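Listed here are the chains, written in short residue letters.
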Amino acid sequence: MGNNNSNEFGAFLSGLMLGGLVGAAVALLLAPQSGEETRKVIREKSIELKDLAAERAVETRQQAEAQLEEARRQAEAKLAEARAQAEKLVQEAQARAEQLRQQGQVVLEEQKTKIEEALATGKRKIAKQDTPDEEASAEA
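A few points on the structure. Note that this is a predicted model, so its numbers are computed, not measured. (Residues numbered from 1 in each chain as written. Predicted model: local features only at pLDDT ≥ 70, side-chain atom pairs only at ≥ 80, totals over all residues. Heavy atoms only, no water.)

**Overview of the overall build of the protein**
Stated precisely, the cut-off is as follows: The helix and strand labels rest on DSSP assignments: H or I over at least four residues marks a helix, E over at least two residues marks a strand, and numbering proceeds from the N terminus. Note on classification: 1.4 Å probe, protein chains only; a residue is buried when its accessible area is under 20% of the maximum for its type, exposed when over 50%, partly exposed between these limits. Values of accessible area rely on a 1.4 Å probe in the Shrake-Rupley scheme; residue burial ignores everything except the protein chains shown.
A tally of helices and strands in the protein yields 2 helices and 0 strands. When the 140 residues of the protein are sorted by exposure, 3% land in the buried category. Counting only carbon and sulfur atoms, one obtains 59% of the accessible surface of the protein, whose full area is about 11900 Å².

This is the structure we're talking about:
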């Protein structure tokens, strides 16, 4: 959008200068003046147009620099926003990883307890099977 304004301004400035030159030429051709007076008027108008063009060029450059500065500021703001978002995502991922680690630890402990209980149950069954045999051989 800013570039479009610059193009419109440049077109306006070109039209202004062209119109000024055409107007000055027509005035010089139709005005009843001597050659020396005409050259003096042409010289003065040329200086005026040159100064006007220089002023417009300075204004255009200042506008372009201001637009560039604004674009740089916006880019820096977007970069800071992206960095903050990335940091937030990293923290969320770390929190989720810690949560999953803790859940895994709980599951591991539960499985360990089940295995120990199964092992103890198996030992008791084996012990019960061994006991009647011993009693039978002790009776005999």
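**Some points on the pattern of salt bridges**
Defined as follows: Take a side-chain nitrogen of Lys or Arg and a carboxyl oxygen of Asp or Glu: if they are within 4 Å of each other, that pair is a salt bridge.
Within this structure, the stated rule accounts for 7 salt bridges. With a shortest N-O distance of 3.9 Å, E48 and K45 are connected by a salt bridge. A residue pair is termed a helical-turn pair when its members lie 3 or 4 positions apart in one helix, as E48 and K45 do in helix α2 (residues 35–139) at 3 residues. Each of E69, R72 and E76 takes part in a single network of salt bridges with overlapping partners.

**Description of the environment of L13**
With respect to the helices and strands, the residue L13 is situated in helix α1 (residues 2–30). Along the primary structure L13 and A53 are separated by 40 residues, whereas in three dimensions their C-alpha atoms are 8.1 Å apart.

**Observations concerning a nonpolar patch on the surface**
The cut-off we apply is this: For patch building, the residue pool is restricted to those with more than 30% relative accessible area and no salt bridge; the joining distance is 9 Å between like charges and 5 Å between nonpolar side chains (Val, Leu, Ile, Met, Phe, Trp, Tyr).
On the surface, L18, V22, V26 and L30 cluster together into a nonpolar patch covering about 400 Å² of accessible area. Positionally, V26 belongs in helix α1.

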